[in-house]
Number of protein chains: 2
Amino acid sequence: MSEENQLSDAEELQERLAEVQTLLARHKLVEDLVQRQEGPRHELVEELVHKQHLHELQQKLDPMHPADIAYLLEALPQDERLLTWTLVKPEYNGDILLEVSDAVRESLIEVMAPSELIAAAETLDADELADLVPDLPQEVVDDVFRSLPAEEREHLRAAMSYPEDSVGSIMDFDMVTVREDVTLEVVLRYLRRFDELPDHTDQLFVIDRDEHLKGVLPINVLLINDPEAEVGALMLTEYVDFEPEDEAEDAAKAFERYDLVSVPVTDADGRLLGRVTVNDVVDFIREEAEYEQLAKAGLAEEEDIFASVWDSVKNRWAWLAINLITAFVASRVIGLFEDSIEKLVALAALMPIVAGIGGNSGNQTITMIVRAIAMGQVQPDAMRRLLRKELGVATVNGLIWGGMLGIAAWWMYGSPLLGMVMTAAMTLNLLLAAFAGVGIPLLRLRFGADPAVGGSVMITALTDSGGFFIFLGLATLFLM
Amino acid sequence: MSEENQLSDAEELQERLAEVQTLLARHKLVEDLVQRQEGPRHELVEELVHKQHLHELQQKLDPMHPADIAYLLEALPQDERLLTWTLVKPEYNGDILLEVSDAVRESLIEVMAPSELIAAAETLDADELADLVPDLPQEVVDDVFRSLPAEEREHLRAAMSYPEDSVGSIMDFDMVTVREDVTLEVVLRYLRRFDELPDHTDQLFVIDRDEHLKGVLPINVLLINDPEAEVGALMLTEYVDFEPEDEAEDAAKAFERYDLVSVPVTDADGRLLGRVTVNDVVDFIREEAEYEQLAKAGLAEEEDIFASVWDSVKNRWAWLAINLITAFVASRVIGLFEDSIEKLVALAALMPIVAGIGGNSGNQTITMIVRAIAMGQVQPDAMRRLLRKELGVATVNGLIWGGMLGIAAWWMYGSPLLGMVMTAAMTLNLLLAAFAGVGIPLLRLRFGADPAVGGSVMITALTDSGGFFIFLGLATLFLM
């Protein structure tokens, strides 16, 4: 990315978006006029006016940073987005495709010719290409692959071979390496031969002739020390490094703990393979947080807000189907007790309270436990301690809230026994919620599944069906 | 933080935790023995054995990085945590207090003497102190304030004056500034006079004699250019800068868009005040994501998993109370139709399905809209377009899923009319969910409230009560 790019703060970015939208709207107005008003009369003038807005738009886009153009494209509806996309400087295409969300990227790639895609791909580094390749048509990938120099091709192959969410998948290959037996003066002179240092070069990697990493030389150390000193005497030998198979999440935590900017990645023999930089970690953290949010609401993937109704339906259907099944099961549980409800219709009005509060309480427990697991705070032997505490909380809440509801039920329906059933059912369902809230994530962890995924659905299903069963069951036992 | 600290990857950290736990367990065992076996017999030996484990523990802790000790403390139950805390090197106390979660920090501060707290505070920079001050006893704050040099005191006052979630609240004051009329050679010599450069110094700030920021000189530019060149000729004049009143969230987005490491903060006149670095941005992003997760489950704050039952109850009660009220309202809606349910008990079994699916679908919509708002993609005029799309999705889902359920209800209860009521109620409740899912966040945005907070509760309350009302109302109209 060249340095003359215009950089915008949040407010300026909103202004740019408004300007672009105005130009697009004017362009559309003229286009509509031209289409309506047939005949050759003003053709030339119209053609000029017509083009003028697009020309103005292009002039707005040209100095903008690719990341900002990506933002604009995401905020525009489909047809305006594609029109704008044709006006973007071709040399930014690659960077922009990397920046936009998956859904928008697909829509942009769809309208690009293979030659444009190849040109865009050629502006990217191997690690960036690896992120783009899964979305490209096979013939473009083959062509790009052939056109790469051998070393780049090797890098691309390596970057693509690491599983998602591994350190390898967020690693890049832009490193500056030095030898330990040279002086800082030599290093400084060596650096002056670069046209540009790789972004986020906060340290140089000290390697031997077999590419084994021997230490790191922070730029800060390079700058404050006597140029006559040797690298080997000043390099740090206590540093963080990763292997490409490590979890990206663990790497992100190390960046947070130690406030890192770049970290070397080595193979099992200690040979330097690449590095991870903080910008990739920031993107990773943000994506993880978003993925979790979307997963919690049952959205399969990030949704382009301008997607078609049909695309949105597809993105959301799996979750609705699962919920339909669990709701159906809960409904059948109620069906078992239709006789009791017929005799005492108050049960129908009270049962959703028992189920609902159980679900809320269970979700609180599971959120806390999943979080503690994610932060590595839960040792296997902690299960009993956590369970004891959550059962305690459930009992207290059951007695307080359940007691209040019991009194309310007694008062509304004039039956002290109904009130007692209500209190007992609330307490039991909260205990069930506590059990499940601790048990589900810990069991998932033990069986190697992600403790965060789907826990909320499972616990809500359990406390719904369980709550109906407990409440209606107790009522049938004691009130019928 | 000194550089000889031992740095650990995720696995090593788990090992350290296990070692510490083993030592603490052994220590406890000996202590129990000593208490049980009274009399003076082995006193000396026991005293030695007793102390030995603590000594070993201390030796484990001494070389560890403060952030890692913070992690250990969070993973230990209260009594073991406090015992371990007493063994930590005093010069790390300040850094550790900054790293641990709020709940754990409170428990640690509680057991520290004022003199210890003052000593800990004195190891911190003004911007770090500002984060700690709200948790310190007033007399300690007063003492610390008095002991600070004038400039630091000014910094602390400034840092504390900015609202939470503003750029000012994550800004620090560790900058290296240079003048534009000097050569790189002079800058390099100036830097060599530092003992250490501030962390995350990826650029120097170029200021005039009135401290106005004129440009930035990236370290990379400094390193690759001829030492005879002047700063003014090489500095960048197109750079991102913030004002302290800007939203930290907007700053975080700029870091993400432009892959930044540090950004200068200036006042309205362009005078350099401080800088924001990427490590604070990473912490901010992580905290925001966690806060949202907790808020969604109705946890008032981060909960120490080893907190007492009573603390946990307090942390969770507000949410349960709100849910109790909304569940009670829904229950009263059902109460209105008790006559209908008595006549046709199938209604009781089917009504939770209508309510539940509406809630799920509404939560999907609201998640998507809130996300789009957060990414700045929703312009005011987008409301109509979004609403149209969501209503389309709701209609499709209502007809598909509602139709299936209608057939199921027909089949189970032998009433085609009941099936049609079911389908109609599902479709109407999904339309209600779509309206609310788009409307609630956009209305909150218009009235200046955070569109993310509480939306999920509101929509669930609406689709529950609304779903019951629509279904039972239609049934009463057409089936009674």
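Caption draft 1: The overall build of chain A, seen in detail. Scanning chain A from N- to C-terminus turns up 21 helices and five strands. At 31 Å, chain A has a C-alpha radius of gyration far larger than the 23 Å of a compact globule built from 480 residues. Oriented by its inertia axes, the alpha-carbon framework of chain A measures out at about 90 × 80 × 40 Å. Taking all 480 residues of chain A together, 44% fall into the buried category. A sequence separation of at least 24 residues applies to 70% of the contacts in chain A between residues at least 6 apart.

Caption draft 2: Region of interest: helix α15 (residues 278–296) of chain B. A rise of 1.5 Å per residue sets the reference length of α15(B), with its 19 residues, at 27 Å; its end C-alpha atoms lie 27 Å apart and thus fit the reference within 8%. Within α15(B), burial applies to Val278(B), Asn279(B), Asp280(B), Val281(B), Val282(B), Phe284(B), Ile285(B), Gln293(B) and Lys296(B). Against α14 (248–258), α15 (278–296) and α18 (346–374) of chain A together with α14 (248–258), β5 (272–277) and α21 (455–479) of chain B lie the buried residues of α15(B). Directly after α15(B), the chain includes Gly298(B), whose backbone phi takes a positive value near 75°.

Caption draft 3: Here's a closer look at the sheet that holds strand β3 (residues 213–218) of chain A. Taken in spatial order, the three strands line up as β1-β2-β3 (chain A) in an open sheet, and their pairing is mixed. This sheet does not close on itself; its edge strands, each paired only once, are β1 (177–178) and β3 of chain A.

Caption draft 4: The relation of the copies chain A and chain B, seen in detail. Overlaying chain A on chain B yields an RMSD of 0.1 Å, the required transformation being a rotation through 180° with an accompanying axial translation of 0.0 Å. Such values leave the two copies arranged in the relation of a two-fold axis.

Caption draft 5: Up close: helix α9 (residues 138–147) of chain A. Residue and element names in this part refer to chain A. The complete set of buried residues in α9 reads Val140, Val141 and Val144. The buried side chains of α9 occupy one side of the element, clustering within an arc of 100° when seen end-on. More than 90 degrees from the buried face of α9, the exposed residues found are Gln138, Glu139, Asp142 and Arg146. Looking at the buried positions of α9, the neighbouring elements they touch are α7 (114–122).

Caption draft 6: Quick look at the sheet that holds strand β3 (residues 213–218) of chain B. All names here are of chain B. Strand order across the open sheet formed by three strands is β1-β2-β3, with mixed pairing between neighbours. Edge positions in the open sheet fall to β1 (177–178) and β3, since each of these has one partner strand only. Looking at chain direction, β1 and strand β2 (residues 203–207) are connected through two bridges and run parallel. If you follow Thr177 over to β2, its bridge partner there is Phe205.

Caption draft 7: Fine view of unusual backbone geometry. Look at Glu211(A): it is not a glycine, yet its phi comes out positive at around 70°. For Glu211(A), a count of 15 C-beta atoms within 10 Å gives the class partly exposed. Even without a glycine there, the phi angle at Asp259(B) is positive, about 55°. Considering the arrangement of structural elements, one finds Asp259(B) in the loop between α14 and β4 (262–266).

Caption draft 8: Summary view of the environment of Ser456(A). All names here are of chain A. Examined against the element boundaries, Ser456 turns out to sit in helix α21 (residues 455–479). Distance in space between the C-alpha atoms of Ser456 and Thr367 is 8.4 Å, their sequence separation being 89 residues. Discounting chain neighbours no more than four positions away, the residues touching Ser456 are Lys296, Asn363 and Ile366.

Caption draft 9: Structural detail: the domain arrangement of chain A. If you check the domain split of chain A, you get domain 1 (10–163), domain 2 (177–296) and domain 3 (309–479). Distance from the C-alpha centre of domain 2 of chain A to the C-alpha centre of domain 3 of chain A: 49 Å.

Caption draft 10: Molecular detail of the interface of chain A and chain B. Tallying the contact residues gives 94 residues for chain A and 94 residues for chain B. Among the elements that make up the side of chain A that touches chain B, the one with the highest residue count is α18(A) (15 residues). Its residues placed into classes, the side of chain A that touches chain B shows 48 nonpolar, 23 polar and 23 charged.

Caption draft 11: Structural view of the packing of helix α18 (residues 346–374) of chain B against α21(B). All names here are of chain B. Look at α18 against α21: their axes get within 8 Å of each other, and the N-to-C directions meet at 145°. Considering the relative orientation of α18 and α21, their crossing is right-handed. Taken together, the residues of α21 that come into contact with α18 (itself represented by Leu347, Met351, Val354, Ala355, Gly358, Gly359, Gly362, Asn363, Ile366 and Val370) are Gly455, Ser456, Ile459, Thr460, Thr463, Asp464, Gly466, Gly467, Phe468, Phe471, Leu472 and Ala475. When the residues that make up the contact of α18 with α21 are grouped by side-chain class, the tally is eleven nonpolar, ten polar and one charged.

Caption draft 12: Inspection of the pairing of β3(A) at higher detail. Across five bridges, strand β2 (residues 203–207) of chain A lies against β3(A) in antiparallel orientation. When the sheet's bridge partners are listed, Val206(A) is paired in β3(A) with Gly215(A).

Caption draft 13: Geometry of the packing of α18(A) against helix α16 (residues 309–336) of chain B. Orientation of α18(A) relative to α16(B), taken along the N-to-C sense of each, is 160°, at an axis distance of 8 Å. With respect to α16(B), the axis of α18(A) lies roughly antiparallel. Crossing hand, α18(A) versus α16(B): right-handed. Along its contact with α18(A), which presents Ala348(A), Ala349(A), Leu350(A), Pro352(A), Ile353(A), Gly356(A), Ile357(A), Asn360(A), Ser361(A) and Gln364(A), the element α16(B) presents Arg316(B), Trp319(B), Leu320(B), Asn323(B), Leu324(B), Ala327(B), Phe328(B), Ala330(B), Ser331(B), Ile334(B) and Gly335(B). For the contact of α18(A) with α16(B), a count of residues per class yields 13 nonpolar, seven polar and one charged.

Caption draft 14: Molecular detail of the confidence of the model for chain A. All names here are of chain A. Across chain A, the average pLDDT comes to 89, with 95% of residues at 70 or higher. The element-level mean pLDDT for chain A is lowest in helix α2 (residues 43–61), coming to 78, with β2 highest at 97. Two summary scores accompany this predicted model of the complex, namely pTM at 0.88 and ipTM at 0.87.

Caption draft 15: Expanded view of the pairing of strand β5 (residues 272–277) of chain A. Residues and elements named next belong to chain A. Across the six residues that make up β5, a large majority, six, are buried. Pairing of strand β4 (residues 262–266) with β5, which is carried by five bridges, proceeds in the antiparallel orientation. Residue pairing for β5: Val263 is matched across the bridge by Val276. The hairpin turn running from β4 into β5, its antiparallel successor, is five residues long, and Gly270 in that turn takes a positive phi close to 85°.

Caption draft 16: Fine view of the environment of Asp226(A). Here Asp226(A) lies in the loop between α12 (219–224) and α13 (231–234). A C-alpha to C-alpha distance of 87 Å links Asp226(A) and Thr476(A), two positions 250 residues apart in sequence.

Caption draft 17: Inspection of the environment of Pro198(B) at higher detail. Residue and element names in this part refer to chain B. Along the chain, Pro198 falls in the loop between α11 (184–192) and β2. In sequence terms Pro198 and Met160 are 38 residues apart; their C-alpha atoms lie 21 Å from each other. In this view, Pro198 contacts Asp174, Met175 and Val176; residues no more than four positions away in its chain are not counted.

Rules and cut-offs
- Residues numbered from 1 in each chain as written.
- Chains lettered and ligands numbered in written order.
- Predicted model: local features only at pLDDT ≥ 70, side-chain atom pairs only at ≥ 80, totals over all residues.
- Helix = DSSP H or I, 4+ residues; strand = E, 2+ residues; numbered from the N terminus.
- Rg over C-alpha atoms; globule rule 2.2 N^0.38 Å.
- Buried ≥ 20, exposed ≤ 12 C-beta atoms within 10 Å, placed from the backbone.
- Contact = placed C-beta atoms within 7 Å.
- Expected span 1.5 Å × (residues − 1).
- Pairing = 2+ DSSP bridges.
- Least-squares fit on C-alpha atoms with pLDDT ≥ 70 in both.
- Arc of directions from axis to C-beta.
- Domains from an automatic or database assignment.
- Nonpolar A, V, L, I, M, F, W, Y, C, P; charged D, E, K, R; others polar.
- Axes fitted to C-alpha atoms, helices over the stretch in contact; angles between N-to-C directions.
- Left-handed = near helix turned anticlockwise from the far one by under 90°.
- Parallel < 35°, antiparallel > 145°, perpendicular 65-115°, else oblique.
- pLDDT = per-residue confidence, 0-100.

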